[in-house]
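Observations on the model geometry
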Amino acid sequence: MYCLANSSLQIEILDPITDRNKFGVRYCTGGYIYQVSDLKHGHLLSGPTYPDSFNWFDGQGIPDAFNWMPLRSPQKNDSEVLIIGVGLCDLLAKQVTRFCDWQIEEQPYELRFTTEQSFDAYALQLIRTLTLNGRSLRSHTQLTNRGAAFIPISWFPHPFYPQPQRTAELCHFNIPFQLPAGNLGYELAANSFIQRKTQAQQPGFYLPLNHQAQQPLTILQRHDQLGLIGANCSYVPSYFPIWGNQHCFSWEPFFQTIIAPQHSSSWWLDYHF
């Protein structure tokens, strides 16, 4: 486990090698934020099975994922694909057959994870950088296409916040959106916060939002220990679902693009605690 810390926060980040038992074919193995702790208020993040147990699919903390768009070879089936940030995977067996290797650079308030991956006509460099600045944590991603094929990207963060117990209110967005009619889990409060209709159980309520975003996303999130916390995205979300069960609530603003050969793309999120 790696750690970033200052006088207010401690950030635990999974080690791609020594914490390998916590990884599967879903979440990126470099820059996986496992927990954020406040020195006065304790653990600030949760997970779908937290604190009772942990499994690689559900995860906890603030993982992120490229797994919605595996890189495939025309000559092979899903028993061998490349998942960016994870490695070569057998999706039929839901197993990682060869994890990617990371070079890790440490500074007092920053960790940088760099990996090179290749498969069939694909070749890429991925850099994941975590930077702690006061009570803000930046998660920055840069992907460079070094191969001959175009690389489709469908990436999302999956921050897991504890379900608020003091209010039914969950989060507020700066973009216009609608909650699909007839959904069982969520409704809009009078102050435009999304709130629970009812307390979810283990499978949770998953709901893609109907949104008309034309600017980078800003989020306010209810939090029992801190009252209100926030996040800023550098990008305009494309697909944008929310999800929660009895343990946690999460929003998942997708960043989707296609990177041409010899080109790069980068994006970031700032989490404010």
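Notes on the structure in this doc start here. Given the structure is predicted, the values throughout are model-derived calculations rather than measurements.

Basis of the calculations
Residues numbered from 1 in each chain as written. Predicted model: local features only at pLDDT ≥ 70, side-chain atom pairs only at ≥ 80, totals over all residues. Heavy atoms only, no water. Phe/Tyr/Trp six-rings, centres within 6.5 Å; stacked < 30°, edge-to-face > 60°. Helix = DSSP H or I, 4+ residues; strand = E, 2+ residues; numbered from the N terminus. Buried < 20%, exposed > 50% of the residue type's maximum accessible area, 1.4 Å probe, protein only. Salt bridge = Lys/Arg side-chain N within 4 Å of Asp/Glu carboxyl O. Pairing = 2+ DSSP bridges. Axes fitted to C-alpha atoms, helices over the stretch in contact; angles between N-to-C directions. Polar contact = N/O pair within 3.5 Å; in protein donor to acceptor, adjacent residues only side chain to side chain. Contact = heavy atoms within 4.5 Å.

The next thing to look at is the packing of aromatic side chains. This model, assessed by the stated rule, comprises 22 aromatic pairs. Between Trp68 and Tyr239, the ring centres sit 5.5 Å apart and the planes meet at 40°, which makes this aromatic pair tilted. In this pair, Trp68 is assigned in the loop between strand 5 (64-65) and strand 6 (81-83) and Tyr239 in the loop between strand 22 (227-233) and strand 23 (241-244), connecting sequence segments 171 residues apart. Overall, Trp68 belongs to the partly exposed group, its relative accessible area being 43%. With 5.6 Å between their ring centres and 70° between their planes, Phe173 and Phe177 make a pair best called edge-to-face. The exposure classification of Phe173 matches that of Phe177, with both residues buried.

Summed over the entire model, instances satisfying the criterion amount to eight salt bridges. Taking the shortest distance from any N to any O, the salt bridge between Asp38 and Arg135 comes out at 2.6 Å. Here Arg135 lies in the loop between strand 11 (122-133) and strand 12 (136-145) and Asp38 lies in strand 3 (residues 33-38), a separation of 97 residues in the sequence. Residue Arg72 pairs with Asp78 through a salt bridge whose shortest N-O separation is 2.7 Å. The exposure class of Asp78 is partly exposed, given its relative accessible area of 23%.

As paired elements, strand 21 (residues 218-223) and strand 22 share six bridges and run antiparallel to each other. Residue pairing in the sheet places Gln221 in a bridge with Ile229 of strand 22. Linking strand 21 to strand 22, which pair antiparallel, is a turn of three residues. Here four bridges tie strand 22 to strand 26 (residues 264-272), and the two strands are oriented antiparallel to one another.

Here we take up the sheet that holds strand 8 (residues 95-99). Two orientations exist for strands paired in a sheet by backbone hydrogen bonds: parallel and antiparallel. With respect to topology, three strands assemble into an open sheet ordered 6-7-8, the strand pairing being antiparallel. Only two strands of the sheet have a single partner each, and these edge strands are strand 6 and strand 8. Here the strands of the sheet are splayed against their neighbours by 40° on average, with no regard to which way each runs. Strand direction decides the pairing type here: strand 7 (residues 87-90) and strand 8, joined by four bridges, are antiparallel. Considered in strand 8, the bridge of Asp90 is made with Gln95.

Take Gln221: it is sitting in strand 21. Since its relative accessible area comes to 1%, Gln221 is described here as buried. There is a polar contact of 3.2 Å between the side chain of Gln221 and the backbone oxygen of Leu170. Excluding residues within four positions of it along the chain, Gln221 makes contact with Tyr161, Leu170, Cys171, Gly227, Leu228, Ile229, Phe249 and Trp251.

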